[in-house]
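Residue-level structural notes
The lines below spell out each chain.
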Amino acid sequence: MDRSIPSSRSGVREAMETLQIEDTRELLIRCFGLSLSDQYWICPENSGLTWEKINFFDNDFSDDIGDVLFGAGRKADPLDFSSPDNTSDGNLKKRWKIINEKRCLVKGGSNPYRQQPLNEVIASEIMKRLEIPHVPYRVIWNKGAPYSVCEDFVSGSSELVPAWRIIQTQKQPNNKSLYQHFIDCAETLGIPGVRAFLDRMIVLDYIIANEDRHLNNFGAVRNAETLEWIGMAPVYDSGSSLGYDKSIPMMRDDSEVVCKPFKKHHEEQLKLVSSFDWIDFSALSDVRKMITDILSDEKAKDYLEERRIHAIAELTERRIRNLEMLAGVKNRKQVISTDDEVEKDIAATY
Ligand SMILES: Nc1ncnc2c1ncn2[C@@H]1O[C@H](COP(=O)(O)OP(=O)(O)OP(=O)(O)O)[C@@H](O)[C@H]1O
Ligand SMILES: [Mg+2]
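Residues numbered from 1 in each chain as written. Chains lettered and ligands numbered in written order. Predicted model: local features only at pLDDT ≥ 70, side-chain atom pairs only at ≥ 80, totals over all residues.

1. Regarding the overall build of the protein chain
Let me state the cut-off plainly: Runs of E in the DSSP output that reach at least two residues are strands. Runs of H or I that reach at least four are helices, and both are numbered from the N terminus. Only C-alpha atoms enter the radius of gyration; for comparison, a globular chain is expected to reach 2.2 Å times N to the power 0.38, where N is the number of residues. With C-beta atoms placed from the backbone, the exposure class of a residue follows from how many other C-beta atoms lie within 10 Å of its own: 20 or more, buried; 12 or fewer, exposed; in between, partly exposed. Two residues qualify as a contact pair if the distance between their C-beta atoms, derived from the backbone, is within 7 Å.
Secondary structure summary: the protein chain contains 12 helices and 7 strands in total. A compact globule built from 350 residues would reach a C-alpha radius of gyration of about 20 Å, and the protein chain, at 21 Å, matches this within 12%. Taking the principal axes of its C-alpha atoms as reference, the protein chain extends roughly 65 × 50 × 35 Å. Classification of the 350 residues of the protein chain by burial places 37% in the buried group. Look at the contacts in the protein chain between residues 6 or more apart in sequence, and 68% of them connect residues 24 or more apart.

The following block contains the structure:
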């Protein structure tokens, strides 16, 4: 059931009406549960179907469901339901597209600012500068609205295992923090590089004031045949950040900014970072200009006013300076406690 499109997905009710379908779970069976994030599928008995014949990594898929999810009306012809869009997760409007032979995820933003697609590009640029393994995003424009595009980072032989599955491999004792529990689960499984990954993810999320790093927005990758762990997945889905849904005064008010997945406040979550030694602050010297340039796209001017862009760039710069001060503290110690824990891990809705 977790493989179906969440009922909280933006625009899903209208899409289900167009498709004359009651429940997004009905779509699952129509595409044999296939996705582009892992290798699981439903093989009806005696169907003669094989993975080679129907998987979406090697075989083309239909645009029909993606078109409907993006607001197209019902076509006269019968619809072709073979699409990884039937199993895509997340609340923002999205679809998979084959662009230049590559499987790409195309994802929209939410009203009124539609910042998420542009934020994905800004986050990519910051991670490039800090050499954090990440999924690179770019922006395309369609009918005046921005969409982010990223390539599939899962291949025909690997699978993404989200963090929320990893934390279920052991029982979490009451007195253990979620951070420690995640590390213990991941290390017992044998996933390499977990602590260094979390350091980088937490630092990125502080810099961009990410508000939606729930346990489905990071994870690990393993070989789908041998089940050998390859490592933590490159950082993806960083768009719900940089005050994406906030007015300027709200952006400036730290108490309005949500933090996930470990602590409710970014300042508290930063205490979990084991080392800042890897951060090259000089590589971030142009971040203010980079943000201003990306958000000042002529095509974005209906959504983003100059004052807003200025505030976003200024506040990001300020957080980088805070981080630099923290990194400079002698004998700073990582603090792992159960204070300020996130109580419910729920994705933002738009
Ligand atoms: N590049 C990718 N390659 C493979 N799988 C991906 C990729 N990007 C995202 N996914 C998968 O698709 C899911 C939805 O994508 P994403 O998290 O970007 O959407 P979202 O709508 O922003 O999510 P949320 O509800 O967290 O806001 C992810 O949780 C992940 O499982
Ligand atoms: Mg997500």
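2. Concerning the site of ligand 1
Short version of the rule: Residue proximity rests on one test: whether the C-beta atom, placed from the backbone, lies within 6 Å of the molecule or strand. Residues are grouped as follows: Ala, Val, Leu, Ile, Met, Phe, Trp, Tyr, Cys and Pro are nonpolar; Asp, Glu, Lys and Arg are charged; every other residue, Gly included, is polar.
Around ligand 1 lies a shell of 24 residues, among which S37, G90, N91, L92 and D237 are the nearest. A per-class count over the shell around ligand 1 returns 11 nonpolar, 7 polar and 6 charged.

3. Some thoughts on the packing of helix 5 (residues 116-130) against helix 11 (residues 287-295)
How we decide: A fitted line through C-alpha atoms represents every axis, and for helices the fit uses only the stretch in contact; the resulting angles, taken between N-to-C directions, go from 0 to 180 degrees. Orientation categories follow fixed angle ranges, with anything under 35 degrees roughly parallel, anything over 145 roughly antiparallel, 65 to 115 roughly perpendicular, and all other angles oblique. Two helices that cross are described as forming a left-handed crossing if the nearer one is turned anticlockwise from the farther one by less than a right angle, and a right-handed crossing if clockwise.
Where helix 5 meets helix 11, the axes come as close as 10 Å, and the angle between the chain directions of the two elements is 155°. Considered as vectors, helix 5 and helix 11 are oriented roughly antiparallel to each other. You can see that helix 5 and helix 11 cross each other, and the crossing is right-handed. Within the contact between the two elements, helix 5 uses L118, V121, I122, E125 and I126 and helix 11 uses V287, M290, I291, I294 and L295. Here the contact of helix 5 with helix 11 is composed, by residue class, of 9 nonpolar, no polar and 1 charged.

4. Looking at the sheet that holds strand 3 (residues 137-142)
Note the threshold: Pairing between strands is defined by DSSP: at least two bridges between the two strands are required.
The strand order 1-2-4-3 describes an open sheet built from 4 strands, whose pairing is antiparallel. Only two strands of the sheet have a single neighbouring strand rather than two, namely strand 1 (94-99) and strand 3. Put simply, the sheet's adjacent strands are angled 35° from each other on average, direction ignored. Relative to strand 2 (residues 102-107), strand 1 is paired through 6 bridges, and the arrangement is antiparallel. When the sheet's bridge partners are listed, K94 is paired in strand 2 with K107.

5. With respect to the pairing of strand 6 (residues 219-223)
Most of strand 6 is tucked away, with 4 of its 5 residues classed as buried. As paired elements, strand 5 (residues 158-162) and strand 6 share 5 bridges and run antiparallel to each other. Residue P162 lies in a different strand from strand 6, and its bridge partner there is G219. The pairing of strand 6 with strand 7 (residues 229-232) spans 3 bridges and is antiparallel. Within the sheet, the bridge partner assigned to A220 lies in strand 7 and is M232. A loop of 5 residues connects strand 6 with strand 7, the two strands running antiparallel in sequence, and L227 in this loop sits at a positive phi of about 60°.

6. A look at the domain arrangement of the protein chain
Condition: Domain start and stop positions are those given by an automatic or database domain assignment.
You can read the domains of the protein chain as domain 1 (1-94) and domain 2 (158-328). Of the residues lining the interface, 4 residues belong to domain 1; the matching set on domain 2 comes to 4 residues. For the side of domain 1 that touches domain 2, a count of residues per class yields no nonpolar, 2 polar and 2 charged.

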